[in-house]
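Reading the structure
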Amino acid sequence: MRLWTERFGDARDPVVLLVMGTATPGLGWPDELVDTLVTAGRQVIRYDHRDTGRSGRVDFAAHPYSVADLAGDAVAVLDGYGVAAAHVAGASLGGTIGQWLAVHRPERVTALTAIMTSPMGADAGPAWARAMAGQEPDPGDLPPPSSRFLAHLARSAAAPRTTREEHVAANLETWRVLNGEALPFDEEAARRFVEESYDVAADPAAALNHDAAGRLMTEDRRAPLASIKAPTLVVHGSEDPLLPLPHGEALAAAIPHARLEVVPGMGHSFLSPGLPRHIAELLLTQPS
């Protein structure tokens with residue numbers, strides 16, 4: 001497996017490892033966010049997950065992988081740069097990977113920031129299925145995605161995606177819905193991101209393997225989050241349509257001394273003007 005990475009800033013500065021979410025390459029971390037961290041004296045590393053961007057591909061049917069394997073990729077990136085430990089900041093699935101590292105490889109995590117994510121042992125599958133079937137949630141369920149997002153999924157599944165233009169249009173609409181309706185959507189920045197992500201991917205369809213990997217609920221994901229010792233910041237949007245705010249609240253409650261920062265109006269993306277800088281400033285409140 002070959003992983004594409006890039007490093008910014010002075011190699012002597014404290015490291016922030018940025019771990020992206022499902023099916024999303026390192027470009028999902030906006031340059032404005034990276035630049036804000038570097039200007040403040042952080043060394044920043046971002047990378048393309050396996051099956052995304054310029055990193056290697058996996059025959060998932062023959063060699064299925066899990067969150068533990070994706071976490072192993074993050075460790076390999078640190079090893080490749082000779083970094084013993086880093087502030088691990090993960091978004092969505094990247095936040096799950098960060099939790100896994102903080103539990104199972106604590107010596108590699110100086111601080112943890114989990115953004116727009118859920119407890120790594122929470123199985124959202126049944127709640128999703130009940131929501132898709134129009135059934136009432138069980139009392140113990142964390143809330144499913146918004147009805148607007150579920151309706152978008154149904155429309156998206158029926159839409160053709162054969163040309164570059166169709167892929168770009170469909171992905172742009174997905175990010176528009178993920179942004180939510182409270183904050184303005186930076187369509188220009190989103191289009192650049194979607195187009196560049198598509199153009200650098202050797203096989204855009206391979207990224208769908210992340211959905212299966214994220215749903216694979218292995219025992220290592222059920223390890224108690226109470227064992228996390230790293231200073232932990234949980235960042236969640238008040239208007240997240242994919243993982244509503246109770247997911248972030250549940251995560252912060254499960255980690256001793258975790259700090260929860262609710263970003264008013266934020267959905268499940270960084271694609272609103274000013275939001276990348278704001279998220280970077282939150283990251284800078286973590287110990288270096």
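In the nomenclature of an unreviewed UniProt entry, the chain corresponds to Alpha/beta fold hydrolase from the organism Nonomuraea recticatena.

Bringing helix α3 (residues 93-104) into the picture now. Between its first and last C-alpha, α3 extends 16 Å over 12 residues, near the 16 Å set by a 1.5 Å rise per residue. Within α3, the full set of buried residues consists of Leu93, Gly94, Gly95, Thr96, Ile97, Gly98, Gln99, Trp100, Leu101, Ala102 and Val103.

Another point: the pairing of strand β3 (residues 43-47). Moving residue by residue along a regular strand, the side chains alternate between the two faces of the sheet. Burial runs high along β3: five of the five residues are buried. Burial of the side chains of β3 extends over both faces: Gln43, Ile45 and Tyr47 are buried on one face and Val44 and Arg46 on the other. Bridge count for strand β1 (residues 5-8) against β3 is four bridges, and the pairing is antiparallel. Of the residues in β3, the one forming a bridge with phenylalanine 8 is valine 44. Both strand β2 (residues 15-19) and β3 contribute to a ladder of four bridges, which runs parallel. Residue pairing in the sheet places leucine 18 in a bridge with arginine 46 of β3. Note on the crossover from β2 through helix α1 (residues 31-39) to β3: the handedness is right-handed.

Moving on, we come to the packing of helix α6 (residues 164-179) against helix α7 (residues 187-200). Axis separation between α6 and α7 bottoms out at 9 Å; the angle between their running directions is 135°. Regarding the angle of α6 to α7, the classification is oblique. You can see that α6 and α7 cross each other, and the crossing is right-handed. Residue-level contacts link Arg164, His167, Val168, Asn171, Leu172, Trp175 and Arg176 of α6 to Glu187, Ala190, Arg191, Phe193, Val194, Glu195, Tyr198 and Asp199 of α7. Class assignment for the residues of the contact of α6 with α7 results in seven nonpolar, two polar and six charged.

Checked against the element boundaries, proline 244 lands in the loop between β6 (232-237) and α9 (245-254). With relative accessibility at 15%, the residue proline 244 sits in the buried group. For the pair proline 244 and serine 146, spaced 98 residues apart in sequence, the C-alpha separation works out to 7.8 Å. Residues within four places of proline 244 in sequence aside, it is in contact with Pro143, Pro144 and His236.

Scoring rules and cut-offs
- Residues numbered from 1 in each chain as written.
- Predicted model: local features only at pLDDT ≥ 70, side-chain atom pairs only at ≥ 80, totals over all residues.
- Heavy atoms only, no water.
- Helix = DSSP H or I, 4+ residues; strand = E, 2+ residues; numbered from the N terminus.
- Expected span 1.5 Å × (residues − 1).
- Buried < 20%, exposed > 50% of the residue type's maximum accessible area, 1.4 Å probe, protein only.
- Pairing = 2+ DSSP bridges.
- Right-handed = clockwise from strand over helix to strand, strands pointing away.
- Axes fitted to C-alpha atoms, helices over the stretch in contact; angles between N-to-C directions.
- Parallel < 35°, antiparallel > 145°, perpendicular 65-115°, else oblique.
- Left-handed = near helix turned anticlockwise from the far one by under 90°.
- Contact = heavy atoms within 4.5 Å.
- Nonpolar A, V, L, I, M, F, W, Y, C, P; charged D, E, K, R; others polar.

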